[in-house]
Amino acid sequence: MSGALMLDIAGLSLTAEDKLLLQNPQVGGLILFSRNYQSPQQLSDLIREIRACAPRILIAVDQEGGRVQRFREGFTRLPPMAVLGELYRKSSVEACEAACQLGWLMAAELISYGVDISFAPVLDLDFGVSAVIGDRAFSAQPEAVAALAGAFIRGMREAGMAATGKHFPGHGWVVADSHLAIPVDERPLAEIEAQDLIPFARLMAQGLDAVMPAHVIYQQVDDRPAGFSPYWIGQRLRQEMGFDGVVFSDDLTMEGASVAGGFESRAAQALEAGCDMLVVCNDRAAALQVLHHLEAVNHPGSVRIARMNAAQHYDIDTIRSTERWHQAVTLANQLIDIK
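Residues numbered from 1 in each chain as written. Predicted model: local features only at pLDDT ≥ 70, side-chain atom pairs only at ≥ 80, totals over all residues. Heavy atoms only, no water.

(A) Expanded view of the nonpolar core. Of all hydrophobic cores here, the largest spans 119 residues; its most connected members are Leu22 and Phe248. When residues in this core are grouped by element, the largest group, 13 residues, is from helix H4 (residues 92–112). (Core = buried A, V, L, I, M, F, W, Y, C linked by side-chain atoms within 4.5 Å. Buried < 20%, exposed > 50% of the residue type's maximum accessible area, 1.4 Å probe, protein only. Helix = DSSP H or I, 4+ residues; strand = E, 2+ residues; numbered from the N terminus.)

Structural data, given as structure tokens:
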């Protein structure tokens, strides 16, 4: 069993409080940000320190490419996924091959430093209205997103990394940024099914490892954001779509989560809806409140979370000595130049 809380740290190394928290059995994950990264050597030292406290803790980062790439210097710069959507319109075969290479490159570089997962890929559709999604999405077309994300995931898996599709059932239609507001999607369920749900359904059929629900209210379906919704997670995702992978909450400190009340209430509702792991970032007091709730209810944890640990282990020098790494870096640079 793995603890249900994924929290963060403030700096480049662990404080005494961080070390105590990471050893708490209710803490099962740690997410890293740009503030936690200075250099490859510092990252190696930090992860060695983390593993000394909690050998099997799930270490995550957002390393999608484009605007969302937390580790930059010393890592290959990755293009935004929309570049692959542009390429797909010219050659679907070439675009999917490129997606596979970039998925492998992203995952291989992270795993070589001891990071288990990047929260990727984005499965949202780019309807041209959501600035927070925008070029993070592969395409506006569901079939293109499914094909490109599927290829990206294949590359991740070849490197040994599990994939997380986000933001279920789709964040691309709403204008508001759920970090700062409470987005409401007013479309009928049939329209969401005909568009946004297609990539999720297709990739779940191929064994998608995890999903992250959106902090979006789909007004004609439920009055709660998807991450707190027994309909979206319990009924739709688990029962109707037969998904048995990990469900990560999106960050419970985001404004889009505020409709669920205080942090203990947010934790209780997310767990009740069916989330396996609760992500709480950038607010240590909030993380401690969620931890208190988990301890108070003696939360049993989840067997699913352990499936997300990296399946392979190797170092960066081994990766950089391969022809595949050189080819993938060349490809990434070419796609950056196109952008």
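(B) Fine view of the packing of aromatic side chains. Under the criterion given, the structure shown has 11 aromatic pairs. Within the aromatic cluster, the residues linked to one another by ring pairs are Phe168, Phe200, Tyr218, Tyr231 and Trp232. Here Arg266 stacks its cationic end above the ring of Phe263, 4.3 Å away from the centre of that ring. (Phe/Tyr/Trp six-rings, centres within 6.5 Å; stacked < 30°, edge-to-face > 60°. Lys NZ or Arg CZ within 6 Å of the ring centre and 35° of its normal.)

(C) Representation of the packing of H4 against helix H12 (residues 323–338). Orientation of H4 relative to H12, taken along the N-to-C sense of each, is 115 degrees, at an axis distance of 9 Å. Compared by their axis directions, H4 and H12 come out roughly perpendicular. Between H4 and H12 lies a crossing whose hand is left-handed. Contacts between H4 and H12 pair Ala98, Cys100, Gln101, Leu102, Trp104, Leu105 and Glu109 from the former with Arg324, Trp325, Gln327, Ala328, Val329, Leu331, Ala332 and Leu335 from the latter. (Axes fitted to C-alpha atoms, helices over the stretch in contact; angles between N-to-C directions. Parallel < 35°, antiparallel > 145°, perpendicular 65-115°, else oblique. Left-handed = near helix turned anticlockwise from the far one by under 90°. Contact = heavy atoms within 4.5 Å.)

(D) Looking closely at the environment of Phe75. Checked against the element boundaries, Phe75 lands in the loop between strand E5 (68–69) and helix H3 (82–90). Taking the C-alpha atoms as reference, Phe75 lies 8.7 Å from Met106; in sequence the two are 31 residues apart. Phe75 has contacts with Tyr37, Leu43, Gln63, Gln69, Glu109, Leu110 and Tyr113, leaving out every residue within four places of it along the chain.

(E) Local environment of the sheet that holds strand E2 (residues 27–32). Taken together, five strands build an open sheet; the order of strands is E6-E3-E2-E1-E12 and the sheet is parallel. Every other strand in the sheet has two partners, leaving strand E6 (117–118) and strand E12 (278–279) as the edge strands with one partner each. In this sheet, E2 lies alongside strand E1 (residues 5–7) in parallel orientation, the contact comprising three bridges. When the bridges of E2 are listed, Leu7 appears paired with Leu30. (Pairing = 2+ DSSP bridges.)

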